[in-house]
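Okay, here's what each chain looks like letter by letter:
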Amino acid sequence: MFVSFFPKPKLFFISAAVWSLLLVLFWFNGGADLGSYVGLPPAAPDAAPIIGISVFWSKPFLWFYVYYAAGVMLFYAFWRIFSPHPWQNWSILVSGLILFLIYFSVQVSVAVNNWYGPFFDYVQGLMSKSVQSTNQEFYAGTATFAWLALIGMNVSVVNAFIVSHWVFRWRTAMNDYFMDYWPRLRHIEGASQRVQEDTMRFAQIMEDLGTSMVQSIMTLIAFLPVLIALQQHVKAVPVFGEISNPLVVAAIAWCLFGTVAVMLAGIKLPGLQFRNQRVEAAYRKELVYGEDHADRAQPPVAKELFDNVRRNYFRLYAHYVYFNVVRYTYLQADNIVSFLIMGPALVAGTITLGLMNQVNNAFGRVTNSIQFLVSSWSTIVELLSVHKRLRAFEATLSGEELPEIDRRYLERQAAGVKPEDQPAS
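Every value quoted in this text rests on a predicted model; they were computed, and no experiment measured them.

## Observations regarding the UniProt feature "transmembrane region" (unreviewed entry) in the protein
Alright, step 1. When the UniProt feature table is mapped onto this chain numbering, "transmembrane region" (unreviewed entry) sits at residues 12-30, 62-79, 91-112, 145-168, 209-228, 248-267 and 336-356.
Alright, step 2. Segment residues 62-79 splits into 100% helix and 0% strand. End C-alpha atoms: 27 Å apart.
Alright, step 3. The annotated region residues 145-168 carries 100% helix and 0% strand content, and the separation between its end C-alpha atoms amounts to 35 Å.

## Quick notes on the packing of aromatic side chains
Alright, step 1. Scanning all chains against the criterion turns up 44 aromatic pairs.
Alright, step 2. When the centroid spacing of 5.5 Å and the interplanar angle of 85° are considered together, the rings of Phe56 and Phe61 count as edge-to-face.
Alright, step 3. Classification of Phe61 as buried rests on a relative accessible area of 14%.

## A word on the environment of Asn113
Alright, step 1. Along the chain, Asn113 falls in helix 3 (residues 88-127).
Alright, step 2. In the structure, Asn113 is positioned 241 residues away from Gly354 in sequence and 9.8 Å away in space, judged by C-alpha atoms.
Alright, step 3. Once you skip the residues sitting within four places of it in the chain, Asn113 turns out to touch Phe223, Val226, Asn357, Gln358, Asn361 and Ala362.
Alright, step 4. At a separation of 2.7 Å, a polar atom in the side chain of Asn113 contacts the side chain of Asn361.

## Quick look at the packing of helix 7 (residues 246-265) against helix 11 (residues 353-370)
Alright, step 1. Here helix 7 crosses helix 11 at 40°, and the two axes come no closer than 9 Å. In this structure, the crossing between helix 7 and helix 11 has a hand that is right-handed. From helix 7, Leu247, Ala250, Ala251, Ile252, Cys255 and Thr259 reach across to helix 11, where they touch Val359, Phe363, Val366, Thr367 and Ile370.
Alright, step 2. Taken together, the residues of the contact of helix 7 with helix 11 break down into nine nonpolar, two polar and no charged.

## Comments concerning helix 1 (residues 9-31)
Alright, step 1. End to end, helix 1 covers just 29 Å across 23 residues, shorter than the expected 33 Å (1.5 Å per residue, more than 12% under).
Alright, step 2. Within helix 1, the full set of buried residues consists of Pro9, Phe12, Ser15, Trp27 and Gly31.
Alright, step 3. Buried residues along helix 1 sit in contact with helix 2 (59-82) and helix 3.

## What to know about the environment of Phe202
Alright, step 1. You can see Phe202 is positioned in helix 6 (residues 191-230).
Alright, step 2. Spatially, the C-alpha atom of Phe202 lies 9.6 Å from that of Trp170, the residues being 32 residues apart in sequence.

## Section: the nonpolar core
Alright, step 1. Of all hydrophobic cores here, the largest spans 79 residues; its most connected members are Phe56, Trp166 and Phe363.
Alright, step 2. With 18 residues, helix 3 is the largest single contributor of residues to this core.
Alright, step 3. Each of domain 1 (2-234) and domain 2 (237-350) accounts for three or more of the residues forming this core.
Alright, step 4. Other than its neighbours up to four places away in sequence, Trp166 contacts Phe5, Phe6, Trp90, Ser91, Val94, Ser95 and Ile98.
Alright, step 5. Among the nonpolar cores identified, the runner-up in size contains eight residues, and Ala265, Leu269, Leu316 and Tyr320 belong to it.

Rules and cut-offs
Residues numbered from 1 in each chain as written. Predicted model: local features only at pLDDT ≥ 70, side-chain atom pairs only at ≥ 80, totals over all residues. Heavy atoms only, no water. UniProt positions renumbered as here; feature names shortened; annotations may be inferred. Helix = DSSP H or I, 4+ residues; strand = E, 2+ residues; numbered from the N terminus. Phe/Tyr/Trp six-rings, centres within 6.5 Å; stacked < 30°, edge-to-face > 60°. Buried < 20%, exposed > 50% of the residue type's maximum accessible area, 1.4 Å probe, protein only. Contact = heavy atoms within 4.5 Å. Polar contact = N/O pair within 3.5 Å; in protein donor to acceptor, adjacent residues only side chain to side chain. Axes fitted to C-alpha atoms, helices over the stretch in contact; angles between N-to-C directions. Left-handed = near helix turned anticlockwise from the far one by under 90°. Nonpolar A, V, L, I, M, F, W, Y, C, P; charged D, E, K, R; others polar. Expected span 1.5 Å × (residues − 1). Core = buried A, V, L, I, M, F, W, Y, C linked by side-chain atoms within 4.5 Å. Domains from an automatic or database assignment.

This is the structure in C-alpha cells:
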C-alpha cells in the first residue's frame, strides 16, 4: 500500500515528521528573522495584524514562502539521492504543494478571524449609535471579507483538483505493484476486488483522512496562539472559576472528553465493517459466477448469501445506533460550549461583540482541530476494514502468515469446500 508510492515508507515518514519538526522549531527560533538579510523582515512584535488580503503578500509571508520551498526541495534532494523512487515527484513534491495549499487555507481562516474583531466592534458601534459611518465605509468592510473568502475558495478548488490527481497516482502505483505479482495473489479470496476496488477506496480514504489530519494540525498551530492572546478577556469559566489559561484548558478538556466517548462507543465498528465487506464480496462473487455458469447463483444459494448480507448489515445498524447517539449529542453540545465558557465575561460586560466573535471562532477552530478523531471516526472505521483486506496481499508477498480469516478460507478451498458453502465470517 505504501511501498508502491513512497520510498522506504517507514523511514520516509519518520524522516518527514522529524524534518518538519526541525523546520518548525528553527522557524520560531531564528528562522523567521533570516528574511531580514534579503529585505523580508518579520513583523514587529507590537505591530497590529494586517487586516485583509494584502497580508498574503506582506514581507513576513513572502519570506515564509521562500523558507517553505527551500525546506521541501532539500528533503526532496536527499531522498532522490538516498533512495530514488519512480513516484517520488508525486509522493514528495506534489505532497509538499498540497501541504502548502492546506497551510494557506488555514491562514485565510486566521485572516478572517482577525477581520472579525474590528468589523463587529464597528457594527456594535453602529447599532448603539456611538459610531458615525457611511454606506461606503460599511461596504468596504464587507468587501474585505469577500476578498478573503474569494481567495480561500479558489485555493480550496485548486487544492481539491491537485489532490484528486495525487490520489489517482497513488492508486495507479498500488495497481501496478499488485499486478506485477498477480500470479502469487490471484488465489487470495476476492483478489480482483481487492486490486480494483480496495486500492481505489484506500487511496480515496487516505486522501480524506490525510488532508483532514494535516489541516487539523495546521489549524491548531495557527489558532492556538490566537486563542491564548484572546483569553486575557476571559478570566473565569463556569464551574472551575478563575484558572490559568481558561480557554485553552477548556478546549483541551472538552475535546478529550468527546474523543474518548466516541472511541469507546465505536470500538466494535472496525471489525463489523470488515465482516460486512466479506459477506458482500461472497455474494457478489457468486453472482459473477452465475453470469457464466447456469449451475451457479441458484436461488437457494443466492438467498443464503444475501441473508448473510442482511444479517451483518442489521447488526452493524444496531451498533451504529448508540455510536451515533454519543457522537451527535457531543457535536450538538459543541455548538454552544464556547458561549457557555464566555458566559461570565458576557454577563460582566468585559468583552465586545467583535471579541466575542473572535473568541467563538478561534475556540471553534481549536476544538475542531483536536476533535479530528470524533469527526473522522466513521471514515477511520472504513479505512481499517479496507486495510485488513489489503494486508493479506502484503502478507503473501512478504512471506508473512495470512490473517486468520484468509487462512481459514484457503484451508477450506484446499479441502474442496465450494465458495458458496464457506461461511461469510
